Amino acid sequence: MATVQTLPTHVAVVMDGNGRWASKRLLPRSIGHRQGAKACREVVEACLKQNIKYLTLFAFSSENWQRPREEVQAIMELFLSSLKNDAETLHEQGIQVRFIGGRTQFSAQLRELIDQTEALTKANDKMLLSIAVDYSGRWDVMQASKQLCKQVQLQGLNSDELDENAFEKHLSTYPLPDPDLFIRTGGEQRISNFLIWQLAYTELYFSDTLWPDFDAKELELAFASYAKRRRSYGLVLEQIES
Ligand code: IPE
Ligand code: IPE
Ligand code: MG
């Protein structure tokens with residue numbers, strides 16, 4: 001255990017900086033989001049080429065609902081048009097797409113498109129692309145806890161027998177392994193309520209590049225940084241080397 005494989009198996013990305021990218025150009029923030037969607041496509045392609053098995057993208061947090069109404073609306077419209085345009089291509093590329101997060105707040109049209117995209121791509125196995133929308137890490141821990149409580153009640157389990165494995169089965173990312181590499185663009189060095197449970201031993205990488213400018217080359221830099229990391233999971237050097 002604990003040897004670093006050159007490439008991560010699971011990459012999780014906080015795609016931050018769309019608004020600043022637009023503001024710097026005196027453009028509306030919505031244009032930044034549109035440009036951000038292009039960067040998404042490039043990064044998905046680059047991960048596919050590198051045979052990354054799992055890519056999890058933070059596209060919209062539960063807190064983001066509190067942004068100005070026009071911005072939220074523009075982002076929802078962008079989700080709709082991106083899914084309409086890209087679902088077929090993702091399918092042809094052998095990518096399985098799934099959405100993690102709440103769904104009840106989306107329009108019926110968006111929910112339908114999400115369901116259709118998941119159904120269309122469900123048998124694909126080249127890469128699993130998870131898109132976190134209306135997602136928050138604390139929400140995930142809470143909903144998993146509630147499900148576990150229900151299971152305990154229904155099956156009459158003894159709570160002393162519960163362990164991390166029993167809990168993790170209810171997280172929205174299950175059955176994915178925890179991310180190996182977390183990337184956040186846009187210069188802020190925080191998790192912002194992303195995968196708070198799953199990131200326990202993830203290697204963190206922060207880039208000052210704003211998300212719309214993030215590309216295959218930038219991804220290479222993140223992978224190069226990851227390749228140099230020594231993951232020790234609480235052990236000492238000698239244990240890792242043996
Ligand atoms: C990330 O970019 C995209 C979403 C949160 C939807 P931001 O919109 O947060 O961009 P900045 O951080 O304001 O530049
Ligand atoms: C995190 O970015 C959420 C997404 C990228 C979807 P935010 O811009 O919302 O996070 P804060 O406000 O910098 O913490
Ligand atoms: Mg931001």
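Let me sum up the structure you'll find in this document. (Residues numbered from 1 in each chain as written. Chains lettered and ligands numbered in written order. Predicted model: local features only at pLDDT ≥ 70, side-chain atom pairs only at ≥ 80, totals over all residues. Heavy atoms only, no water.)

1. Topic: helix α4 (residues 108-121)
- Spanning 14 residues, α4 covers 20 Å between terminal C-alpha atoms, matching the ideal 20 Å at 1.5 Å per step.
- Leu110, Leu113, Ile114, Thr117, Glu118 and Thr121 are the residues of α4 that are buried. The buried residues of α4 occupy an angular sector of 130 degrees when projected down its axis, which confines them to one face.
- Buried residues along α4 sit in contact with α3 (69-92) and β3 (95-100). (Helix = DSSP H or I, 4+ residues; strand = E, 2+ residues; numbered from the N terminus. Expected span 1.5 Å × (residues − 1). Buried < 20%, exposed > 50% of the residue type's maximum accessible area, 1.4 Å probe, protein only. Arc of directions from axis to C-beta. Contact = heavy atoms within 4.5 Å.)

2. Some thoughts on the packing of helix α2 (residues 29-49) against helix α7 (residues 216-227)
- At a closest axis distance of 9 Å, the pairing of α2 and α7 adopts a crossing angle of 55 degrees. In terms of orientation, α2 lies oblique with respect to α7. Of the two possible hands of crossing, α2 and α7 adopt the one that is right-handed. Every residue of α7 that contacts α2 at Glu42, Val43, Ala46 and Cys47 is listed here: Ala216, Leu219 and Phe223.
- Partitioning the contact of α2 with α7 into residue classes produces six nonpolar, no polar and one charged. (Axes fitted to C-alpha atoms, helices over the stretch in contact; angles between N-to-C directions. Parallel < 35°, antiparallel > 145°, perpendicular 65-115°, else oblique. Left-handed = near helix turned anticlockwise from the far one by under 90°. Nonpolar A, V, L, I, M, F, W, Y, C, P; charged D, E, K, R; others polar.)

3. Some thoughts on the site of ligand 1
- As a structural note, the neighbourhood of ligand 1 is formed by 13 residues, with Asp16, Gly19, Arg20, Arg29 and Arg67 the closest of them.
- Within the side chain of Asp16, a nitrogen or oxygen atom sits 2.8 Å from an oxygen atom of ligand 1.
- In the environment of ligand 1, an oxygen atom lies 2.9 Å from a nitrogen or oxygen atom belonging to the side chain of Arg29.
- Among the secondary structure elements, those contributing two or more residues to the shell around ligand 1 are α1 (18-24), α2 and α3.
- Among the elements that line the shell around ligand 1, the one with the most residues is α1, at three residues.
- Residue composition of the shell around ligand 1, by class: three nonpolar, five polar and five charged. (Near = heavy atom within 4 Å. Polar contact = N/O pair within 3.5 Å; in protein donor to acceptor, adjacent residues only side chain to side chain.)

4. Here's the deal with the packing of α2 against α3
- Put simply, α2 and α3 touch, their axes get as near as 10 Å, and they point 25 degrees apart. Relative to α3, the element α2 lies roughly parallel. The crossing of α2 and α3 is right-handed. In this structure, α2 contributes Arg29, Ser30, His33, Arg34, Ala37, Arg41 and Val44 to the contact, and α3 contributes Glu71, Ala74, Ile75, Leu78, Ser82, Asp86 and Leu90.

5. What to know about the side chain of Ser62
- Relative to the elements of secondary structure, Ser62 occurs in the loop between β2 (54-61) and α3.
- Reaching out from Ser62, the side chain makes a polar contact with the side chain of Asp134 at a distance of 3.2 Å.
- Excluding its chain neighbours within four sequence positions, the residues that come into contact with Ser62 are Asp134, Tyr135 and Ser136.

6. As for unusual backbone geometry
- A cis amide bond links Tyr174 with the next residue in sequence, Pro175, at an omega value of 5 degrees.
- Considering the arrangement of structural elements, one finds Pro175 in the loop between α6 (164-168) and β5 (181-184).
- Notably, Leu26 is not glycine yet its phi reads approximately 55 degrees, a positive angle.
- Even without being glycine, Asp134 reaches a positive phi, approximately 50 degrees.
- Along the chain, Asp134 falls in strand β4 (residues 127-135).
- Its relative accessible area of 8% is what places Asp134 among the buried residues.

7. So, the site of ligand 2
- As a matter of local geometry, ligand 2 sits amid Val14, Met15, Asp16, Phe58, Ala59, Phe60, Ser61, Asn64, Arg67, Arg184, Arg190 and Ser192.
- A distance of 3.0 Å is found between an oxygen atom of ligand 2 and a side-chain nitrogen or oxygen belonging to Arg184.
- One of the side-chain nitrogen or oxygen atoms of Ser192 is found 2.6 Å away from an oxygen atom of ligand 2.
- Within the complex, 78% of the 390 Å² of free accessible area of ligand 2 lies under protein.
- Examining the composition of the shell around ligand 2, we find that four residues originate from one element, β2, more than from any other. (Areas by Shrake-Rupley, 256 points an atom, 1.4 Å probe, with all protein chains shown as cover.)

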